[in-house]
Amino acid sequence: MLSDDDLARLRDRFRDADYTVDRILELVGSSAHAALGRNNTTPALRALRGVDDPAATLARLWPLQSTVGTDELDRALPGLTGPLLAAGILEADQDRVRARIDLRPYASDEALRQAQGSGAAQDSGNYWIFSDLTPGLDGPMTPVAPDFVLGVSPASMTLAELTIRRPVSSALDLGTGCGVQSLHLARHAQRVVATDINTRALALARASMGLNGIETVEIREGSLYEPVGEEAYDLIVTNPPYVMSPPGSADLRLTYREAGLVADDLVRQVVVDGARHLNPGGTLQVLGNWAQLRGQDWQDRLAEWVRTTGCDAHILRRETLDAFEYIEIWLADAGLVGDPGYREAYETWCDYFDQLGIESVGMGWFSVTKAGRVTPAVTIEDWPHPVEQPIGAAWAARIDAVDLNTRLSDAEVLATRWKLAPDVSQETVGRPGAEDPEAIVFRQQRGLRRAVRVDTALAGVLGACDGDLTLQQIVVAVAGILEVDADRLAAETLDGVRPLIVDNLLTT
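We now turn to the structure provided with this report.

Criteria and cut-off values
Residues numbered from 1 in each chain as written. Predicted model: local features only at pLDDT ≥ 70, side-chain atom pairs only at ≥ 80, totals over all residues. Heavy atoms only, no water. Helix = DSSP H or I, 4+ residues; strand = E, 2+ residues; numbered from the N terminus. Rg over C-alpha atoms; globule rule 2.2 N^0.38 Å. Buried < 20%, exposed > 50% of the residue type's maximum accessible area, 1.4 Å probe, protein only. Contact = heavy atoms within 4.5 Å. Areas by Shrake-Rupley, 256 points an atom, 1.4 Å probe, with all protein chains shown as cover. Salt bridge = Lys/Arg side-chain N within 4 Å of Asp/Glu carboxyl O. Patch = residues over 30% accessible without salt bridge, like charges linked within 9 Å, V, L, I, M, F, W, Y side chains within 5 Å. 1 Å grid on protein atoms, 1.4 Å probe; cavity = no way out; pocket = protein on both sides within 12 Å on 5 of 7 lines; lining within 4 Å. Points joined across faces, edges and corners; volume = space filled by probe spheres on them. Nonpolar A, V, L, I, M, F, W, Y, C, P; charged D, E, K, R; others polar. Core = buried A, V, L, I, M, F, W, Y, C linked by side-chain atoms within 4.5 Å.

Each helix and strand in the protein was counted, giving 20 helices and 18 strands. Expected size for 508 residues packed as a compact globule is a radius of gyration near 23 Å; at 26 Å, the protein falls within 12% of this value. Seen along its three principal axes, the alpha-carbon backbone of the protein occupies a region of about 90 × 55 × 55 Å. Relative to its full complement of 508 residues, the protein shows a buried share of 50%. Summarising the internal contacts of the protein: among those between residues at least 6 apart in sequence, 70% fall at separations of at least 24. When the accessible surface of the protein is split by element, carbon and sulfur atoms take 49% of a total near 23,400 Å².

Next comes the structure, spelled out in structure tokens:
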């Protein structure tokens, strides 16, 4: 890899060339940029045809994986062509060069917003990330090497959007891959440890940290939590290699996506063992999938996982795939579509799933918090609905709300001056001219965007929650209007209000 001095010079050249996501989008246009996301380079190459600009040269070389002239590259990155060739990042063919390692810009809305408020001259919120070249550009997916290092993917972006971004003393990026999560964590964690079992991934992640001038990330090699021993962290994030592939040769296993454990035992270990590596109040956030077995409720199965941790947990199932859909996705990801061995591989996966009783696969998000309660608060729910992204702030607010709701007695809930959250709207549904609505719904516009159906009495109570009166005072007033018993309405209101506190429809 490049020396520290060469990485620093490369960073300066990238900044001078404005080699950023926004600049490439400006050069190629939104439609061509979207086509690149579908692994089609032709529209972007057409847009860059004849464009003599350093950022255009770098875009051709790396994101578009095209060749560029040596003289073009020397103009874009003066003095760096030689070191890039010597490091094996590029290769030469007469007077043309092509990439052997991907090196492309990356930015997130969260990072850009933080950078705008940081006041630091060098903090633009733009990064550059080393990874392996994208397979299957402009053609069918091709098989990749077992130690292939995946770049920024939809899954890694989802995890970044899911992560709570509060300042913490320590964070663990478990299974760092190309290092994208560590780049984010370094913005709000004083110390970050990044681990992976893939030696090539660690080398590329280390280079990404050096290229971006990040010195607070420590790289360690090893499987799961072995590299951290007995250490504990305030925040752990991971998108582990959760693919449930049949057993086979370790030499053929794709390290970035599968670990060789039976079914979903890797995800179970990540969750259960991760809880033991949390500081008090710390949170583990996991993007993963799990087996849904014949004759067993999936929620009961995951509840047993988190029960052993003694921690609070919130698990959302975002998607369900039947066994065949799941198998087809990952066979395609491995580049086996059209391969002579495709049918045999499909049969092997089917036999494996039948043997284990897997009828479908759940995919979703885990949040586990070491709250230290005698009775942990655990919620496991199906939530395929659209949510606000990034969702990390909503996760953090919910952890606080669970804590508040657990601490407050019924009397204290009634004595509190609650406010309906500003993003909550009320909807009524009914036939035209009817005296009463058929349904009243309070709907969040942010976060998980929950919609809660309530009765007339609770709707009247919630509608008056503006912070002026206590909940008890409102209940008494509504009971008088409806001519019902105030104590009975108070008990019913508590049952309806507590879930709304937890889900942040009501705030103090």
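Before going further, it helps to spend a moment on the pattern of salt bridges. Going through the model one piece at a time under the given rule, you end up with 27 salt bridges. Linking Arg104 and Asp102 is a salt bridge whose minimum nitrogen-to-oxygen distance equals 2.8 Å. Overall, the relative accessible area of 25% leaves Arg104 in the partly exposed class. Between Arg373 and Asp403 there is a salt bridge whose closest N-O contact spans 3.0 Å. Residue Arg373 is found in the loop between β12 (358-369) and β13 (378-382), and its partner Asp403 is found in helix α16 (residues 392-407); the two are separated by 30 residues along the sequence. Residue class for Arg373 comes out buried when judged on its relative accessible area of 16%. A residue is classified by how much of its surface remains accessible, and Asp403, at 30% relative accessible area, is partly exposed.

Moving on, we come to the environment of Asp71. Within the secondary structure, Asp71 is located in helix α6 (residues 70-76). A sequence separation of 26 residues divides Asp71 from Val97, and the C-alpha atoms of the two residues are 9.9 Å apart.

A surface patch of nonpolar side chains, amounting to about 280 Å² of accessible area, comprises Ile481, Leu482 and Val484. Following the sequence through the fold, Leu482 ends up in helix α19 (residues 471-482).

With that settled, consider empty space enclosed by the protein. Considering all chains together, one arrives at one cavity of 30 Å³ or more under this definition. In this structure, the largest cavity occupies an estimated 50 Å³ of space. Pro241, Tyr242, Val243, Met244, Glu258, Ala259, Gly260, Leu261, Ala263 and Leu266 are the residues that line the largest cavity. Within the lining of the largest cavity, the residues separate by chemical class into eight nonpolar, one polar and one charged.

A few words now on the nonpolar core. Of all hydrophobic cores here, the largest spans 60 residues; its most connected members are Leu10, Phe14, Leu58, Trp62, Leu77, Leu84 and Phe130. For this core, the element with the highest residue contribution is helix α11 (residues 199-211), accounting for seven residues.

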